[in-house]
Amino acid sequence: MLSMTGYGKGEYSAGGIEIACEIKTVNNRYLDVSIKAPRIFAAYEDVIRGMIRQKLTRGHADLYVSLKDKRERPTALTVDMALATSYVAAAKQLKEAFPDLPDDITLSSVLRYPEVLKQEDAQGLDEELTNALSIALNTALDKLNEMRAVEGAKLKADMLSRMDTIEGLVATITERAPQIASEYREKLTARVQEYLDGVQADEGRLLSEVAVFADRSNIDEELTRLRSHIEQFRSIAEEGIVGRKLDFLVQEFNREANTTCSKSNDVTITRTGLALKNEIEKIREQVQNLE
């Protein structure tokens, strides 16, 4: 069981390359990844997202990448041919206008003209950089998942503890439910006798009325499903990625609890049912934090 909230940092430093990857995650229904990295990694973002998807399935993840490349890199020289051509053409025009001036145009002189020769660092994404990034990012993801596992264990312990409470509340309702019909019959008989002022009531009519009430307030199916949900919850809690499963199961818990409260026609069961719904809501809040 993993929490969706966590933080991890991975670093790589060797051969003049220093890379640091920091990733933090928060709750989100689906996996959403935001990447802030030097422009040199722009073309590599799909690969980075793929690496993250291998270790995360839900949550919003923010990844920050910093890079220092201290390697000695060759420089590239480029010639602006259009600009050089313009310089040479202008020089020829001047030669025609001033034929008596000495002509000292040479290749060396053209290369010295402003902006004709440009020097650029031959910076690019190479295999050494991608390997360094992969090591740093995977380290960050592993540390992130370690933190999420610790947090997930705490959430699991809390939810299972609340599930024990829910099981106790369901047991209380189960014990109380059979008494409702007999108590209703006693109250109904006493009320009818009071109205008839000593005249014997029709037992058949009373039994029929009690039977209708008992059928209308019967919650045996709801209690059976609640007990089944409790077993399923404990079983699913032992799995790894459980967020969506438990989210659906908690909805089923709520449905049965609501039906139990609406059908009970008993103050004790209603009060216990409200306590049941309160525990279910607390679990639902915790489930929202799970991957």
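Here, every reference points to the structure presented above.
Below you will find a few notes about this structure. (Residues numbered from 1 in each chain as written. Predicted model: local features only at pLDDT ≥ 70, side-chain atom pairs only at ≥ 80, totals over all residues. Heavy atoms only, no water.)

### Some points on the pairing of strand S2 (residues 17-26)
Argument step 1. Pairing of strand S1 (residues 6-14) with S2, which is carried by 9 bridges, proceeds in the antiparallel orientation. Counted as the bridge partner of Gly 6 is Thr 25 from S2.
Argument step 2. Count of turn residues in the S1/S2 antiparallel hairpin: 2 residues, of which Gly 15 carries a positive phi of about 60°.
Argument step 3. Pairing between S2 and strand S4 (residues 59-69): 10 bridges, direction antiparallel. Looking at the pairing, Cys 21 lines up with Val 65 of S4. (Pairing = 2+ DSSP bridges. Helix = DSSP H or I, 4+ residues; strand = E, 2+ residues; numbered from the N terminus.)

### Points about the pattern of salt bridges
Argument step 1. Across all of its chains, the model carries 16 salt bridges by this definition.
Argument step 2. Close ionic contact of Glu 238 with Lys 156 constitutes a salt bridge, the shortest N to O distance being 3.1 Å. Placement of the pair is Glu 238 in the loop between helix H7 (220-236) and helix H8 (243-264) and Lys 156 in helix H4 (residues 127-176), with a sequence separation of 82 residues.
Argument step 3. The partner of Glu 239 in a salt bridge is Lys 245, with the nearest N and O atoms 2.8 Å apart.
Argument step 4. Residues participating in the shared-partner salt-bridge network are Asp 158, Arg 162, Glu 279 and Lys 282. (Salt bridge = Lys/Arg side-chain N within 4 Å of Asp/Glu carboxyl O.)

### Re the packing of H4 against H7
Argument step 1. Put simply, H4 and H7 touch, their axes get as near as 10 Å, and they point 160° apart. With respect to H7, the element H4 is oriented roughly antiparallel. Between H4 and H7 lies a crossing of left-handed hand. In this structure, H4 contributes Met 159, Leu 160, Met 163, Asp 164, Ile 166, Glu 167, Val 170, Ile 173 and Thr 174 to the contact, and H7 contributes Leu 223, Leu 226, Arg 227, Ile 230, Phe 233 and Arg 234.
Argument step 2. A breakdown of the residues in the contact of H4 with H7 according to their chemical character gives 10 nonpolar, 1 polar and 4 charged. (Axes fitted to C-alpha atoms, helices over the stretch in contact; angles between N-to-C directions. Parallel < 35°, antiparallel > 145°, perpendicular 65-115°, else oblique. Left-handed = near helix turned anticlockwise from the far one by under 90°. Contact = heavy atoms within 4.5 Å. Nonpolar A, V, L, I, M, F, W, Y, C, P; charged D, E, K, R; others polar.)

### A word on the environment of Leu 169
Argument step 1. With respect to the helices, strands and loops of the structure, Leu 169 is situated in helix H4.
Argument step 2. Through-space distance from the C-alpha of Leu 169 to that of Thr 272 is 6.5 Å; in sequence the pair is 103 residues apart.
Argument step 3. Not counting residues within four places of it along the chain, the set of residues in contact with Leu 169 comprises Thr 272, Ala 275, Leu 276 and Glu 279.

### A few points about the sheet that holds S2
Argument step 1. Reading across the sheet, the 4 strands line up as S1-S2-S4-S3 and stay open at both edges, with mixed pairing between neighbours. A strand with exactly one partner marks an edge of an open sheet, and here the two such strands are S1 and strand S3 (31-36). Sheet twist, expressed as the mean angle between neighbouring strand axes with direction ignored, is 15°.
Argument step 2. Against the sheet, helix H1 (residues 45-53) contacts S2, S3 and S4, and its axis sits at roughly 135° relative to S3.
Argument step 3. Relative to S1, H4 is tilted by about 150°, and along the sheet it contacts S1, S2 and S4.

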